Amino acid sequence: MGFLSNFKKDLQNEKRKKAAQINGKHLKELLKKFKEERDRIEEETGVRPQIDDTTQMFMQKILNVWIDEGKEIDEEKFWLEVDYNRQFSHPVEYYEKSH
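In this text, all values refer to a predicted model and were calculated from it rather than measured experimentally.

Before going further, it helps to spend a moment on the environment of E75. Counting through the fold element by element, E75 comes out in helix α3 (residues 75-83). E75 has contacts with L63 and I67, leaving out every residue within four places of it along the chain.

As structure tokens, then:
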């Protein structure tokens, strides 16, 4: 019985990890589109729009996905990039803590 229950738990954990990775990729693609739209508005108007609450929520989810994947993210560096509207122009390794 123990073997099957462990196998089932391992399978569920793997499914969760895979779903988190897929969700993270989709969220990053969506954020790229948000950034491109903000770039376009800034070019047309000369003023960069503020990051709305929904976009900020997606950014938080990406941060959570990376942390769930076991990456040690430097959150200060992560949010500094967000504040300056760069929005993930670097690979995830850029945001990881250096030891």
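Attention shifts here to the packing of aromatic side chains. In this description, an aromatic ring pair is defined by two values, namely the gap between the centres and the angle between the planes. Counted under the stated rule, the structure contains one aromatic pair. Pairing W66 with F78 gives two aromatic rings, centres 5.9 Å apart and planes at 85°, and the pair type is edge-to-face. With W66 in helix α2 (residues 53-68) and F78 in helix α3, this pair connects stretches of sequence that are twelve residues apart. For the pair W66 and F78, one class covers both residues: buried.

This next bit is on the nonpolar core. Counting residues in each nonpolar core, the largest one holds eleven residues, listed as L31, F58, M59, I62, L63, W66, I73, F78, W79, V92 and Y95. When contributions to this core are tallied by element, the ones reaching two or more residues are α2, α3 and α4 (92-95). At five residues, the largest contribution of residues to this core is made by α2.

About the cut-offs
Residues numbered from 1 in each chain as written. Predicted model: local features only at pLDDT ≥ 70, side-chain atom pairs only at ≥ 80, totals over all residues. Heavy atoms only, no water. Helix = DSSP H or I, 4+ residues; strand = E, 2+ residues; numbered from the N terminus. Contact = heavy atoms within 4.5 Å. Phe/Tyr/Trp six-rings, centres within 6.5 Å; stacked < 30°, edge-to-face > 60°. Buried < 20%, exposed > 50% of the residue type's maximum accessible area, 1.4 Å probe, protein only. Core = buried A, V, L, I, M, F, W, Y, C linked by side-chain atoms within 4.5 Å.

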